[in-house]
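# Structural characterization, general
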Amino acid sequence: ISLGEYLSYLFAHKLHPSKDLQHLIWHVITVHSVTDETLAQWPALYVTWKEADSLCRSLGKRLPTEAEWEKAARGPDGNRFPWGDTLPDSTLAMFGQHHVHEIPILAPVSSGEAGKSYYGIHHMAGNVAEWVGDCAKQGDCDERKIMGSSYRDGANAPLLGLHDTQDGDKAALDVGFRVVREM
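Since the structure is predicted, the reported quantities are computational estimates derived from the model, not experimental observations.

Whether parallel or antiparallel, the strands of a sheet pair through hydrogen bonds between backbone atoms. One open sheet holds the four strands; their spatial order is β3-β2-β1-β4, and the pairing between them is mixed. Two strands lie at the open edges of the sheet, namely β3 (163-167) and β4 (175-176), each paired on one side alone. Across five bridges, the pairing between strand β2 (residues 140-147) and β3 is antiparallel. Residue I146 lies in a different strand from β3, and its bridge partner there is D164.

This is the structure:
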């Protein structure tokens, strides 16, 4: 989901972006001269799990499970990286990219042809880590799972197989989400 799609969802539901996201947008537009069109193509970020889930449901879709996310990222052969086993570089994944003040440098959600997964999915490594539908602990869904790596991770970080958890009510600068397209 792009930042533009996420902001449109918030607007349509009369919701406001978080103060952190508002500040980030103001900063990158006024200080770094990033255009609205460029920002709209960034991945959604500063999104809580509950907001991601709600947006998916409004589209009649859902967040992927951890297993679905892994399969989409690794392909049928269990690749080390979405694109295969070649070590990552800047043509394959957006990582290690941020301004001195932790301002992200992100790629448009539909960019990165060379880094697509076996299934043709963009940015399964780098750009932003992603919420999945799974609870972090069985029976306790306050904590939710996050999959993958983000622009903040260095080139030496394993790009797949990274799992994290976070309170589903909290947003982070380097966490977004994607929706499942049923086949």
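A few words on unusual backbone geometry. Positive phi is not limited to glycine here, since K14 has a value of about 55 degrees. Examined against the element boundaries, K14 turns out to sit in the loop between α1 (3-12) and α2 (19-30). Residue classification places K14 among the exposed residues on the basis of a relative accessible area of 73%. Not every positive phi belongs to a glycine, and Y46 is a case in point at roughly 55 degrees. With respect to the element layout, Y46 can be found in the loop between α3 (36-41) and α4 (49-58).

With that settled, the discussion passes to the layout of surface pockets. Approximately 900 Å³ is the volume attributed to the largest pocket. Taken together, 29 residues form the lining of the largest pocket, with I121, R178, V179, V180 and R181 sitting closest to its centre. When the residues that make up the lining of the largest pocket are grouped by side-chain class, the tally is 14 nonpolar, six polar and nine charged.

Another aspect to go through is the state of the cysteines. Disulfide: a covalent bond formed between the sulfur atoms of two cysteine residues. Per the stated rule, a full pass over the model turns up one disulfide. A sulfur-sulfur distance of 1.7 Å marks the disulfide that ties C135 to C141. One disulfide, between C135 and C141, carries an S-S torsion of 70 degrees and so falls in the right-handed class. Overall, the relative accessible area of 38% leaves C141 in the partly exposed class.

Evaluation of the coordinates by the stated rule reveals two aromatic pairs. Between the aromatic rings of F81 and W83, the centroid separation amounts to 5.2 Å while the plane-to-plane angle is 5 degrees, which identifies the pairing as stacked. What makes W83 buried here is its relative accessible area of 16%. Seen in terms of ring centroids, Y118 and Y119 are 4.9 Å apart; in terms of plane orientation they differ by 90 degrees. Their pairing is edge-to-face. In this structure, R144 packs its charged tip against the face of W49, placed 3.5 Å from the ring centre.

Within the span of α1, buried status applies to L3, G4, Y6, Y9 and L10. For α1, the secondary structure elements touched by its buried residues are α2, α3 and α4. Among the residues trailing α1, K14 stands out with phi positive, at a value near 55 degrees.

What counts, and where the lines are drawn
Residues numbered from 1 in each chain as written. Predicted model: local features only at pLDDT ≥ 70, side-chain atom pairs only at ≥ 80, totals over all residues. Heavy atoms only, no water. Pairing = 2+ DSSP bridges. Helix = DSSP H or I, 4+ residues; strand = E, 2+ residues; numbered from the N terminus. Buried < 20%, exposed > 50% of the residue type's maximum accessible area, 1.4 Å probe, protein only. 1 Å grid on protein atoms, 1.4 Å probe; cavity = no way out; pocket = protein on both sides within 12 Å on 5 of 7 lines; lining within 4 Å. Points joined across faces, edges and corners; volume = space filled by probe spheres on them. Nonpolar A, V, L, I, M, F, W, Y, C, P; charged D, E, K, R; others polar. Disulfide = S-S within 2.5 Å. Phe/Tyr/Trp six-rings, centres within 6.5 Å; stacked < 30°, edge-to-face > 60°. Lys NZ or Arg CZ within 6 Å of the ring centre and 35° of its normal. Contact = heavy atoms within 4.5 Å.

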